[in-house]
Amino acid sequence: MAYIVSRNDRSYVVAYDGVDPATGRERRRWHPAGHSRADAEAIATAVRETKAVAIPYSRNAITLGEYLTSTWLPERQRRVRPTTAYRYGWMIDKYIAPAIGRYALRSVRTDHLNEHYAALLERGGQDGRALSAKTVHEVHLIVRSALTQTTHEGLT
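On a predicted model such as this, the values are computed, not experimentally measured, just so you know.

(A) Seen up close, helix 3 (residues 82–100). Taking 1.5 Å of rise per residue, the 19 residues of helix 3 would be expected to cover 27 Å, and the 25 Å separating its terminal C-alpha atoms lies within 8% of that figure. Where helix 3 bends most, at Ile92, the angle is about 40°. Looking only at helix 3, the buried set comprises Ala85, Gly89, Met91, Ile92, Tyr95, Ile96 and Ile100. On its buried face, helix 3 sits against helix 2 (64–77), helix 4 (110–123) and helix 5 (133–153).

This is the structure:
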């Protein structure tokens, strides 16, 4: 659904993008259409046609662990050395997925991450020994990179 709005001698096409599952609020995108109503109607028609073939938003909540292993790691493997990709996968399996991998992407908060990093520093290694600060920093870089990518993809 799209409609035309005129403000300050300019026309805009407003497209309805559904409900944001995180907030429950309706999402709308504004497309500038210039000064002509005919141009605005042409843009509105194009937006309606684009929306008709768009893939519907999946309401299934993907977890951080699922995202890391199914999307982030395979994409990252194409851009880094095999040994680096192996290390990423190992750190995800060993340090990230067991502790915070069950959280939905939209529900991961900084306090979850800070508590996890503190736990890794205290007792995250083998036999409950503390991990080094460098290792915890590497875990943080993986999580930060994945969350940044989800933001760019519009998942969070």
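So much for the structure itself; the text now carries on.
(B) Structural detail: the side chain of Glu75. Summarising the element assignment, Glu75 is placed in helix 2. Judged by relative accessible area, Glu75 falls into the buried class, the value being 18%. A distance of 3.3 Å separates a polar atom in the side chain of Glu75 from a polar atom in the side chain of Arg79.

(C) Focus on the side chain of Ser11. The residue Ser11 is located in strand 2 (residues 10–19) in this model. Assessed through its relative accessible area of 4%, Ser11 is described here as buried. Excluding its chain neighbours within four sequence positions, the residues that come into contact with Ser11 are Ile4, Val5, Ser6, His31, Pro32, Ala33, Gly34, His35, Ser36, Arg37 and Ala40.

Calculation rules
- Here the residue numbers are simple positions, counted from 1 along each chain's written sequence.
- Since the coordinates come from a predicted model, pLDDT governs what is reported: local features require at least 70, and pairs of side-chain atoms require 80 or more to be given and counted, while whole-chain, interface and lining totals use all residues.
- The side-chain figures draw on all heavy atoms in the structure; neither hydrogens nor water molecules are used.
- A run of DSSP states H or I qualifies as a helix once it reaches four residues; a run of E qualifies as a strand once it reaches two. Both are numbered from the N-terminal end.
- Here a helix's expected span is defined as the number of its residues, less one, multiplied by 1.5 Å.
- Note on bend: the value at a residue is the angle between axes fitted to the seven residues ending there and to the seven starting there.
- Here the term buried applies to any residue with accessible area under 20% of the maximum for its type, exposed to any over 50%, and partly exposed to those in between, with areas from a 1.4 Å probe on protein chains only.
- Note on contacts: a residue pair qualifies if any of its non-hydrogen atoms lie within 4.5 Å across the two residues.
- Counting of polar contacts relies on pairs of N or O atoms within 3.5 Å, with two restrictions inside protein: one atom must be capable of donating a hydrogen and the other of accepting it, and residues adjacent in sequence are counted only when both atoms are side-chain atoms.

Scope: geometric values only; no functional claims are made or implied.
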